[in-house]
Every structure is written in structure tokens, then in C-alpha cells.
Amino acid sequence: MSEIRFGEFEIDPDSIPNPPQVQTGTPLVFEIEAATRKEVVKEDTGKTVWVELQCRPVEQPEALLYASLFVTERFLGKPHKSWKNFLVTMGLDPKTTNAASLVRTRFKGVAGEDRKSDDSRIILVKVLGPAY
């Protein structure tokens with residue numbers, strides 16, 4: 001048992017529980033707990049704007065899922081990546097809907113492993129539409 005030191009405390013890394021994972025591969029109903037607009041400006045790429053969603057599966061209240069929806073025009077992708085296409089899929093108007101108004105909104109989606117990441121994070125891979 002190798003312990004690591006945090007300030008004055010020694011902690012066994014095995015004693016830190018892993019957070020519950022969202023079920024993958026099957027359609028679930030998610031509720032948006034937080035939606036925050038973010039922005040960064042870089043010299044080489046310009047301005048990038050996105051909305052970070054913190055979602056909780058209704059049937060797995062102990063698990064969390066995070067998603068980033070890109071607002072900038074250069075990303076016109078699928079609804080699980082594009083702010084505009086997410087809103088259109090949900091039946092909302094992209095010109096009048098802001099991030100804060102999505103809190104407590106429910107949608108149907110599918111979670112899966114992030115194939116681009118080495119740490120096998122669970123991400124949103126498909127948005128199916130609103131959940132009533």
C-alpha cells in the first residue's frame with residue numbers, strides 16, 4: 001500500500017472511490033443541471049465560443065456527464081457537438097435561446113467512450129431529441 005501525501009495528510013490512493021459512470025450505448029434521458037457559456041481568444045485560431053453542459057441521467061442520479069457544444073460558425077457538426085444543431089434538435093430557436101435557459105431541460109441522448117482520449121472518459125455521443 002503506497003500512500004501519497006497531500007499537505008499534512010497521507011492518503012492511500014486506493015481508498016479514493018471512482019465516480020459512478022454513465023451507462024453507455026443505450027438511449028437515456030438526461031437533465032441539464034448547469035449550462036455555462038465559455039469563450040477563448042487565441043492569436044492563431046481566433047475566437048472560440050462554446051457552452052459547457054453538466055447533465056445527469058434521470059435513471060442514474062449519482063452519475064454526471066459533461067458535454068461541450070460549440071457556438072462558433074466554423075463548427076457546424078452533429079447535435080452532440082454543435083450548439084445550433086443541439087437547439088434545433090430540441091425544437092428551440094438558436095437565435096433566442098441562451099445557455100442559462102436550458103437548466104432543468106431534459107433530452108434523450110446516448111453516452112459513449114471518448115475515442116480521442118486515453119483516459120476512457122464518458123461523453124455525449126448522440127442527441128436524439130427532447131424528453132417530456
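Residues numbered from 1 in each chain as written. Predicted model: local features only at pLDDT ≥ 70, side-chain atom pairs only at ≥ 80, totals over all residues. Heavy atoms only, no water.

Student: Which residues make up the pattern of salt bridges, and what are the values?
Tutor: Evaluation of the coordinates by the stated rule reveals 7 salt bridges. The partner of K38 in a salt bridge is E52, and the shortest N-O contact between them spans 4.0 Å. One end of the pair, K38, is in strand β3 (residues 27–42); the other, E52, is in strand β4 (residues 46–57), with 14 residues separating them in the sequence. Take K38: its relative accessible area is 32%, and that puts it in the partly exposed class. Exposure remark for E52: the relative accessible area of 34% places this residue in the partly exposed category. With a closest N to O distance of 2.7 Å, R121 and D114 form a salt bridge. (Salt bridge = Lys/Arg side-chain N within 4 Å of Asp/Glu carboxyl O. Helix = DSSP H or I, 4+ residues; strand = E, 2+ residues; numbered from the N terminus. Buried < 20%, exposed > 50% of the residue type's maximum accessible area, 1.4 Å probe, protein only.)

Student: Describe in detail the environment of Q54, supporting the description with residues and values.
Tutor: Inspection of the secondary structure puts Q54 in strand β4. Each C-alpha atom of the pair Q54 and G91 lies 20 Å from the other, and the pair is 37 residues apart in sequence. If near-sequence neighbours (up to four positions away) are discounted, Q54 is found in contact with E31, I32, E33, A34, L64, L65 and Y66. (Contact = heavy atoms within 4.5 Å.)

Student: Give me the lowdown on unusual backbone geometry, citing residues and values where you can.
Tutor: Of note in the backbone geometry, R104 takes a positive phi value of approximately 75 degrees without being a glycine. Along the chain, R104 turns up in the loop between α1 (83–90) and β6 (106–113).

Student: Any details on the environment of V22? Residues and values, ideally.
Tutor: Within the secondary structure, V22 sits in the loop between β2 (9–11) and β3. What makes V22 buried here is its relative accessible area of 4%. Each C-alpha atom, one on V22 and one on A63, is 5.7 Å from the other, the two residues being 41 residues apart in sequence. Contact partners of V22, with chain neighbours within four places excluded, come to L28, F30, P57, Q60, A63, L64, L65, A111 and I122.

Student: So what's going on with the pairing of β4? Which residues, and what values?
Tutor: Pairing geometry for β3 and β4, over 12 bridges, is antiparallel. Along β4, the bridge assignment pairs K42 with G46. In this antiparallel pair of consecutive strands, β3 and β4, the connection spans 3 residues. Two elements, β4 and strand β5 (residues 65–70), share 6 bridges in a ladder whose sense is antiparallel. Across the sheet, the residue bridging to E52 is S68, located in β5. (Pairing = 2+ DSSP bridges.)

Student: Talk me through the side chain of Q60; I want residue IDs and the actual numbers.
Tutor: Within the fold, Q60 resides in the loop between β4 and β5. Of the residues examined, Q60 reaches a relative accessible area of 16% and is grouped as buried. At 3.1 Å, the side chain of Q60 forms a polar contact with the backbone oxygen of Q21. A polar contact of 2.9 Å, which involves the side chain of Q60, links it to the backbone nitrogen of Q23. Not counting residues up to four positions away in its chain, the partners in contact with Q60 are Q21, V22, Q23 and L28. (Polar contact = N/O pair within 3.5 Å; in protein donor to acceptor, adjacent residues only side chain to side chain.)

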